[in-house]
Amino acid sequence: MNIEQPRIKIRGLSKRFEDKVILDKVDLDIMPGKSMTVIGMSGTGKSVLIKCILGLLKPDSGEILVDGEDWLALNQQEQLKRMRRVGMLFQGAALFDSLPVWENVAFALLRHGENKNTARERASEVLAWVGLPNIEDLMPSELSGGMAKRVGLARTICHKPDIVFLDEPTTGLDPIMSDVINRLIVRLHKGSGTTIISITHDMKSAAMISDHIAMLCHGRIHRQITPDQLDSDQDPVLRQFIEGRAEGPVNCSAWGKDIEEAVKR
Amino acid sequence: MKFLQSFGALFEALLTQLGLYASTLGQVAKLIFTAPRYPRFILNQAEEVGVQSLPVVLLTALFTGMVLALQSYIVFHRFAAESMIAVVVSLSMVRELGPVLVGLMVAGRIGASFAAELGTMRVSEQIDALWTLSTNPMRYLIMPRVIAATLMLPLLVVVSDFIGIYGGYAISVFMLDQNPAVYLEKSTEFMELKDFYSGLVKAAFFGMLIGVIGCTEGFNCKGGAAGVGKATTRAVVISCMSILIFDYFLTAWMFG
């Protein structure tokens, strides 16, 4: 019997900040080469989940197995070594503003002793893929939001990671640029078999880039579906989220009903 | 009760902060023994800490030497001991004012810039990004800065010692008509090498304090732009205070 092992297996992951419970025993499996999208309202701990996997936050309990190896049990040195197979696109791109674009993109290569010319060539190559040729020597402050995000994506994939994390890859971009980014992600996923874990509020993006969609609600995985179930699934919380309504099981419709009072002149 | 509670909270915050500094220092000390040490970044930071601070430090030292000469002239003139001006200027510059004033100036300049730069990197997730690019942020950002500050402060102090003594010389000789040969002779007559070295040891220690405190404040900063502002202020205030406090204890220890 050959049951494939999940690439990332999360069991009982809990995290609280002071008295506020963010993650409450989350269980989640991500199979190799699959694209998992985590959706959920703001503040439900989607970013915290990713940061726990990456070792940027220390969870209170639970385990995170990557290819069967418990990453939480590793020491700092070993964790850093594991990061070589990981790429992460931050919400605000998080480019290093003291370095030119190409050094940003080739950062991981340069830090691991890659020859400067080779690294620069690789950076140019990856930048061309994301549709940004000839910007190697610009500084990050000279880039627009969409460009910064694409440079961020280039940096994420430059060292050929096999697990890629994307934190709201399309948030804050115009619809056309969102589509460009989504297509890049799909190509990255389909073309190279990279395992992708993304966070998004953008349902169009979620439908486009994922094999599985998991909804995080009240610190737990509320429901897991595939993109073609998006229109048919009857879970009330999920429906409310997908359709973007204030009324529903998560009732927010009462908020702001006295707003007229607040601005009455 | 309320009073005791707030006092306790303050004490707890203080201990937490001291613990953070100690842990940064401990980690940096551990990292120094393994590669990569990023010599290029250490050089860059040394340029920032040392060369860029020269104008400020030189001006401070020059005027300190000048005012020391003027003040001690006014007093020594009363009992015709003007030749002792040189002793006062050189000994107080070398032993005390050189390291402390350079420390304070650099704390304002460099401590603030470390905290602001690292704080901004923290709130814009650049420090997290370093980690995901398998680079230890502690090693990449903090270690070069702490090393550079520790090495450059003594060098700045050497320069400021000379400039300060020259400031005193200029005032005594050109303004107060003292004998230049006597001044130079008296400058070194009562000075021992120990006086000079103790100043350098102090300076290295102050440099380490500035580096560790500035970097720790920035590295652990929270809460957006306001957080960066707070971290910067605290970096400057805390490093200045600790320079003055440790100055006393170092003096007591080395000459005790």
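The structure presented is a predicted model; accordingly, all values stated were derived computationally and were not measured. (Residues numbered from 1 in each chain as written. Chains lettered and ligands numbered in written order. Predicted model: local features only at pLDDT ≥ 70, side-chain atom pairs only at ≥ 80, totals over all residues.)

### Topic: the overall build of chain B
A tally of helices and strands in chain B yields nine helices and zero strands. Starting at the N terminus and walking to the C terminus, you meet the elements of chain B as α-α-α-α-α-α-α-α-α. Burial statistics for chain B: of 256 residues in total, 46% are counted as buried. Long-range pairs, those at least 24 residues apart, make up 88% of the contacts in chain B with a sequence separation of at least 6. (Helix = DSSP H or I, 4+ residues; strand = E, 2+ residues; numbered from the N terminus. Buried ≥ 20, exposed ≤ 12 C-beta atoms within 10 Å, placed from the backbone. Contact = placed C-beta atoms within 7 Å.)

### Observations concerning the overall build of chain A
Looking only at helices and strands, chain A features 10 helices and 10 strands. Here the C-alpha atoms of chain A give a radius of gyration of 20 Å, agreeing with the 18 Å that 2.2 N^0.38 yields for 265 residues. For chain A, the C-alpha atoms occupy an extent of roughly 60 × 60 × 40 Å along the three principal directions. Per-residue burial over chain A gives 39% buried out of 265 residues. (Rg over C-alpha atoms; globule rule 2.2 N^0.38 Å.)

### Some details on the interface of chain B and chain A
Contacts between the two partners involve 11 residues from chain B, matched on the other side by 15 residues from chain A. Considering only residue class, the side of chain B that touches chain A consists of three nonpolar, six polar and two charged. (Nonpolar A, V, L, I, M, F, W, Y, C, P; charged D, E, K, R; others polar.)

### A closer look at the confidence of the model for chain A
Mean pLDDT for chain A: 88, with 99% of residues reaching 70 or above. When the elements of chain A are averaged for pLDDT, helix 10 (residues 259-263) of chain A gives the smallest value, 80, and helix 3 (residues 101-105) of chain A the largest, 94. (pLDDT = per-residue confidence, 0-100.)

### With respect to the domain arrangement of chain A
All names here are of chain A. Taken domain by domain, chain A holds domain 1 (8-233) and domain 2 (235-265). Of note, the centres of domain 1 and domain 2, computed from C-alpha atoms alone, are 30 Å apart. The partner domain 2 presents six residues to the nine residues of domain 1 that form the contact. Elements that contribute at least two residues to the side of domain 1 that touches domain 2 include exactly strand 9 (212-217) and strand 10 (220-225). (Domains from an automatic or database assignment.)

### Section: the pairing of strand 7 (residues 163-167) of chain A
All names here are of chain A. Of all five residues in strand 7, five are buried, a share of seventy percent or more. Side chains of strand 7 alternate between two faces, with Ile 163, Phe 165 and Asp 167 and Val 164 and Leu 166 buried alike. Relative to strand 7, strand 6 (residues 86-89) runs parallel, the two being bridged by four bridges. Residue pairing across strands places Leu 89 opposite Leu 166, the latter belonging to strand 7. For strand 7 and strand 8 (residues 195-199), the ladder comprises five bridges, and the chain directions are parallel. In the strand pairing of strand 8, Ile 163 is matched with Thr 195. (Pairing = 2+ DSSP bridges.)

### Let's talk about the nonpolar core
Of all hydrophobic cores here, the largest spans 132 residues; its most connected members are A:Val105, A:Ala106, A:Ala154, A:Cys158 and B:Leu153. The leading source of residues in this core is helix 4 (residues 85-123) of chain B, at 19 residues. Excluding residues within four positions of it along the chain, B:Leu153 makes contact with B:Val102, B:Gly103, B:Val106, B:Ala203, B:Ala204, B:Phe206 and B:Gly207. (Core = buried A, V, L, I, M, F, W, Y, C linked by C-beta atoms within 7 Å.)

### With respect to the packing of helix 1 (residues 2-31) of chain B against helix 8 (residues 193-219) of chain B
Residue and element names in this part refer to chain B. Two numbers describe how helix 1 lies on helix 8: the axes approach to 9 Å, and their chain directions differ by 110 degrees. By the angle between their directions, the pair helix 1 and helix 8 is classed as roughly perpendicular. Note on packing geometry: the crossing formed by helix 1 with helix 8 is right-handed. From helix 1, Leu 20, Tyr 21, Thr 24 and Leu 25 reach across to helix 8, where they touch Val 212, Ile 213, Cys 215 and Thr 216. For the contact of helix 1 with helix 8, the residue count by class is six nonpolar, two polar and no charged. (Axes fitted to C-alpha atoms, helices over the stretch in contact; angles between N-to-C directions. Parallel < 35°, antiparallel > 145°, perpendicular 65-115°, else oblique. Left-handed = near helix turned anticlockwise from the far one by under 90°.)

### What to know about the confidence of the model for chain B
Low-pLDDT portions of the prediction should not be read for the details of their coordinates. Summarising the model, chain B shows a mean pLDDT of 93, and 100% of its residues fall at 70 or more. Predicted complex metrics record ipTM = 0.88 and pTM = 0.89.

### A look at helix 6 (residues 137-175) of chain B
All names here are of chain B. A rise of 1.5 Å per residue sets the reference length of helix 6, with its 39 residues, at 57 Å; its end C-alpha atoms lie 54 Å apart and thus fit the reference within 8%. Residue Met 143 marks the point of greatest curvature in helix 6, where the axis turns by about 30 degrees; the proline Pro 144 follows within four residues. Immediately downstream of helix 6, the backbone of Asp 177 shows phi near 55 degrees, a positive value. (Expected span 1.5 Å × (residues − 1). Bend = angle between axes of the 7 residues up to and from the residue.)

### Quick notes on the sheet that holds strand 3 (residues 35-39) of chain A
Residues and elements named next belong to chain A. Across the sheet, which stays open at both edges, the six strands sit in the order 6-7-8-3-9-10 with mixed pairing between neighbours. At either margin of the open sheet sits one strand with a lone partner, and together these are strand 6 and strand 10. Neighbouring strand axes in the sheet, compared pairwise and without regard to direction, differ in orientation by 20 degrees on average. Relative to the sheet, helix 9 (residues 236-243) contacts strand 3, strand 9 and strand 10, its axis offset from that of strand 9 by approximately 105 degrees.

### A short note on the sheet that holds strand 5 (residues 69-70) of chain A
Residues and elements named next belong to chain A. An order of 2-1-4-5 is seen for the four strands of this open sheet, with the pairing classed as antiparallel. Only two strands of the sheet have a single neighbouring strand rather than two, namely strand 2 (20-30) and strand 5. Where strand 1 (residues 8-17) meets strand 2, seven bridges bridge the pair, whose relative direction is antiparallel. Bridge pairing in strand 2 places Arg 16 opposite Val 21.

### Focus on the environment of A:His212
Residues and elements named next belong to chain A. Among the structural elements, His 212 can be located in strand 9. Sequence separation between His 212 and Thr 226 is 14 residues; the distance between their C-alpha atoms is 4.6 Å. In contact with His 212, other than residues within four places in its own chain, are Lys 34, Met 36, Gln 224 and Thr 226.

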